[in-house]
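Chain by chain, the residues run as shown.
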Amino acid sequence: TASDKGTYPYYMLKEIDEQPNVMRKLSAKYLDQVGQPVITPALVEKLRDSDRIYIVGAGTSYHAGLVGKAQLEKLTGIPTEVHVASEFAYETPLLSEKPFFIFLSQSGETADSRQVLVNVNQKHLPSLTITNVANSTLSRESDFTLLLEAGPEISVASTKAYTAQIALEAILAKAVGEAKGVAAAQTFDLKGQLAVVAQGMQSIVDEKNEIDQIAQDYFVQANQAFYIGRGIDYTVSLEAALKLKEISYVHAEGFASGELKHGTIALIEPGTPVIGIITQAGTAGLTRSNLEETAARGAQTLSIVRQGLARPDDTFVIPDVDELLTPLLSVIPAQLLAYYTSLNKGLNVDLPRNLAKSVTVE
Ligand code: AGP
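Residues numbered from 1 in each chain as written. Predicted model: local features only at pLDDT ≥ 70, side-chain atom pairs only at ≥ 80, totals over all residues.

Looking at an unreviewed UniProt entry, one finds the protein named Glutamine--fructose-6-phosphate aminotransferase [isomerizing] and attributed to Fructilactobacillus ixorae. Quoted straight from UniProt, the Function (unreviewed entry) entry for the protein says "Catalyzes the first step in hexosamine metabolism, converting fructose-6P into glucosamine-6P using glutamine as a nitrogen source." (UniProt positions renumbered as here; feature names shortened; annotations may be inferred.)

Asker: Can you tell me about the nonpolar core, naming the residues and giving the values?
Answerer: The biggest cluster of nonpolar side chains holds 111 residues, and the ones touching the most others in it are Ala167, Leu168, Ile171, Val197, Leu337 and Tyr339. Here this core gets 12 residues from one element, more than from any other, and that element is helix α8 (residues 160-179). Contact partners of tyrosine 339, with chain neighbours within four places excluded, come to Met12, Leu13, Ile16 and Val349. (Core = buried A, V, L, I, M, F, W, Y, C linked by C-beta atoms within 7 Å. Buried ≥ 20, exposed ≤ 12 C-beta atoms within 10 Å, placed from the backbone. Helix = DSSP H or I, 4+ residues; strand = E, 2+ residues; numbered from the N terminus. Contact = placed C-beta atoms within 7 Å.)

Asker: Now, about the environment of glutamine 186: what can you tell me, with residues and values included?
Answerer: With respect to the element layout, glutamine 186 can be found in helix α9 (residues 183-186). For glutamine 186, a count of 12 C-beta atoms within 10 Å gives the class exposed. When the C-alpha atoms of glutamine 186 and glutamine 36 are compared, they prove to be 9.3 Å apart, with 150 residues separating the residues in sequence.

Asker: For helix α4 (residues 59-76), give the residues involved together with the corresponding values.
Answerer: Helix length check: α4, at 18 residues, gives a terminal C-alpha distance of 25 Å against a target of 26 Å (1.5 Å per residue), a fit within 8%. Of all the 18 residues making up α4, 16 are buried; the element is thus mostly covered by neighbouring parts of the structure. (Expected span 1.5 Å × (residues − 1).)

Asker: Let's hear about unusual backbone geometry: which residues, and what values?
Answerer: With glycine set apart, most residues show a phi of negative sign, and most peptide bonds adopt trans. One non-glycine residue, glutamate 149, adopts positive backbone phi at about 55°. With respect to the helices and strands, glutamate 149 occurs in the loop between β5 (144-147) and α8. The residue tyrosine 249 is not glycine, and still its phi comes out positive at about 60°. Relative to the helices and strands, tyrosine 249 is located in the loop between α12 (232-248) and β7 (251-256).

Asker: Break down the site of the ligand for me, with residues and values.
Answerer: Around the ligand, the structure places 15 residues, and the nearest of them are Gly59, Thr60, Ser105, Ser107 and Thr110. Considering every element that reaches the shell around the ligand, the biggest residue donor is α4, with three residues. (Near = placed C-beta within 6 Å.)

Asker: So what's going on with the sheet that holds strand β6 (residues 224-229)? Residues and values would help.
Answerer: Two strands in a sheet stick together by hydrogen bonds in their backbones, pointing the same way (parallel) or opposite ways (antiparallel). Spatially, five strands are ordered β7-β6-β8-β9-β10 in an open sheet, and the strand pairing comes out parallel. Looking at strand neighbours, the two that pair on one side only are β7 and β10 (316-318), the edges of this open sheet. Across this sheet, the average inter-strand angle for adjacent strands is 15°, counted without regard to direction. Direction of pairing for β6 relative to strand β8 (residues 273-278): parallel, over a ladder of three bridges. Residue pairing across strands places phenylalanine 226 opposite valine 274, the latter belonging to β8. (Pairing = 2+ DSSP bridges. Axes fitted to C-alpha atoms, helices over the stretch in contact; angles between N-to-C directions.)

Okay, here's the thing in structure tokens:
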């Protein structure tokens, strides 16, 4: 069955491996033969007519929202804010005249996000929930729902829900952008790109042994690690660090690579792993110099780089894909690094200490 571990030692590895298939399922469900989005017209209209989009989520879902902001702004032209649910609930920011709320939640049950939705409903503002669980509380209480179709996610560490959320946000952004007549949305071959993503994911998950070895060489003994990047790569560095923290207990942080020199670089010690995520042409050179600055202070530098920007000594080279979709690929080596670090430390990968799959208290 879908919730069976099969021959996998842990659900997390199974769920990482399922990602190429989740991409194909989302593409088949939400994009038609010619690549046009298949999204309820009433939802597209509400979004098209809004003057600002507010994305709300927690943890990994919040990180998926950060990627969604980049996609929505580029493809629809609508200013988009992303908020941590637990902050938004009690410190509501000033709202625009015609706000639209998007709740991101794998489980659809996260209490922090539910509290925000309660407030949104009291104000009679329109909302969409993007979730993996049909009929979950967030789904029932918001005006619209889009399902992730990722299949049950059992491991506490979220993997396939993150990539499914990002793919679905891109589809939604294309639908709304087309309704607004935005050229970037009209010319975006999302169906073709998602096929490239699915293949690319497969090629990365097929390189497990190499990633296992890197985990053993650099992460199992580490007491801290840093992911760095700029723009969309910075948002992935936050997610990559969260994965490492929650299942391998290595203290990890994601940083905007330009911010390192403003303080964080003091933490770099000989051998500290620093992983640069480099997928955006406009900032690749800058992130590379920031990575070199950490190497000069003794860091063990590694890199996750998009093919077109790669150099011979890069650690992980991911296939080329549209720059709005690179998180779908750059996160995979990071998920696997976290997995193998946890596994090689002899930890319970699926059930890290102190954590629950769904956080139903505020
Ligand atoms: C992810 O690895 C975490 N376990 C956690 O941050 C999770 O994403 C968060 O609790 C939100 O859950 P949700 O998507 O079900 O709302």
